[in-house]
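Chain by chain, the residues run as shown.
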Amino acid sequence: MKIFFLHDPKLLLYGFCIIFFGSYGQTFFIALFNNDIKILYNLSDGEFGLVYALSTTLSALLIINFAKLIDFIDLRIYSFMITSGMFLACLAFYFFPSNILFLFIILFALRFFGQGAMTHAGITTMTRYFGKDRGKAISTGNLGGMVGIMFLPLLVVYLNNYFSFKQIWLLSSLSLIFFMPILYLLLNNQTERQNKFTESRDNTKKLWTTMDVLRNKKFLTYLPLTTSFSFIGTGLVFHQIFIFTEKGWTLEMLGTGFIFLGAFSVLGLILGGPLIDILNPKKAILFVMLPIFVAITVLLFFDNFYFLLIYMSLYGFNLGISSPFTGSLWAELFGLDSIGTVKALFHAIVVFASALSPVVFGYIIDWGFGLGMISSISLLIIIATTSIPIIFNKNE
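Residues numbered from 1 in each chain as written. Predicted model: local features only at pLDDT ≥ 70, side-chain atom pairs only at ≥ 80, totals over all residues. Heavy atoms only, no water.

J.: How should I be thinking about helix α12 (residues 217–238) in this particular structure?
T.: Each α-helix winds once per 3.6 residues, and so residues spaced three or four apart point in a common direction. An ideal rise of 1.5 Å per residue puts 32 Å on 22 residues; α12 measures up with 32 Å between its terminal C-alpha atoms. Along its length, α12 shows its largest kink, about 35°, at L223, and proline P224 lies within four residues downstream of that point. Here α12 lies mainly inside the structure; 16 of its 22 residues are buried. (Helix = DSSP H or I, 4+ residues; strand = E, 2+ residues; numbered from the N terminus. Expected span 1.5 Å × (residues − 1). Bend = angle between axes of the 7 residues up to and from the residue. Buried < 20%, exposed > 50% of the residue type's maximum accessible area, 1.4 Å probe, protein only.)

J.: Before we go on, may I ask you to explain the packing of helix α2 (residues 9–21) against helix α9 (residues 165–186) in this structure?
T.: Between two packed helices, what matters for the description is the angle formed by their axes and the separation of those axes. Close contact between α2 and α9 brings their axes to 10 Å; oriented N to C, the two are set at 160°. Between α2 and α9, the angle falls in the class roughly antiparallel. Of the two possible hands of crossing, α2 and α9 adopt the one that is left-handed. Contact residues: α2 offers K10, L13, Y14, C17, I18 and F21, while α9 offers S175, L176, F179, L183, L185 and L186. (Axes fitted to C-alpha atoms, helices over the stretch in contact; angles between N-to-C directions. Parallel < 35°, antiparallel > 145°, perpendicular 65-115°, else oblique. Left-handed = near helix turned anticlockwise from the far one by under 90°. Contact = heavy atoms within 4.5 Å.)

J.: It is not clear to me how the packing of aromatic side chains should be interpreted in this structure. Could you clarify?
T.: Summed over all chains, the structure comprises 28 aromatic pairs. Ring geometry for F29 versus W169: centroids 5.3 Å apart, planes at 85°, classification edge-to-face. With F29 in helix α3 (residues 27–30) and W169 in helix α9, the pair connects residues that are 140 residues apart, well separated along the chain. Taking the centre distance of 5.9 Å and the plane angle of 75° together, the rings of F93 and F165 count as edge-to-face. Of this pair, F93 sits in helix α6 (residues 75–95) while F165 sits in helix α9, and the two are 72 residues apart along the sequence. F165 matches F93 in its accessibility class, with the two residues each being buried. Taken together, the aromatic side chains of F20, F21, Y24, F28, F29, F33, F93, F165, W169 and F179 make up a single cluster linked through ring pairs. (Phe/Tyr/Trp six-rings, centres within 6.5 Å; stacked < 30°, edge-to-face > 60°.)

Next comes the structure, spelled out in structure tokens:
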């Protein structure tokens, strides 16, 4: 493990930092300002949810072609470009007038550059340059996202005592200005790194295009399983207030639960990275949804506060192991030269899934079915999507 961290520590720190700052475009961070945004733009919960879903869907459609640029241009140029985009998106919340069209543009930019491009850049870079240690590298990079989940909400709550929500977004944009020179220092030897990678790669391997990947049977076989956590997990988090109210849990309990979620997501990353490096990704991925399956079962049948902690812990653990498991799977199936193209397509579908589930679960709630129906559908999705690669591999 010590050798791994000494191999390219600057690039590991790059992965950690760019995914951390990509947190500004993640649902958990934007949701901290939901009430302020709805008041400023005079929106209901449903109207804001619709704007959010539409902006996220558009970002998912456009990220496919944009993010694969990481396969063709210098990582330094690409990283400065997407960080600048994130800076402008945060800055826009402070300067743009309170018009719903401007809100759509802001949310689109936050989702496109934050959840989309910056997260994709960190994971793709970790996958490409660390060879057989890619699982550990992906986990290290994703620790940046987990640190964001654990500490940014606490920071925002503290800053709310002294600043308006627009001023907090201004501070967020300023933090990205400080990140840019750090970005330069972390990637100042990128030319040498890329030359080594180019010399070591197998030029006889196929370079995959987006349409090639979409037509590939193995990609389609594993796609439902690898995107199911994004659909289920985002839907559960987006409607967490409804779920907690139905279970009789308080917001204070929710705050405690997120501490467990963050801690166990880090544990999942720490264990998942080294584990996937020694396992067959195509077999290991079949177990990736097991923690959330148990978590939803607990959520469905138990109301005690201690089971809340079990539910949040298992959710966090699944969140932690998902990224290194799926990242290593795509590298195994499609190789490293085209990993940016493959992950750009996959990431776009993941973003689309995260936009879809809040709407689907919301209508289930509106129609009066509640937590029982949401949990049952989620469990059936896990069973069905896990069965597809099992059946495919059996018949292969």
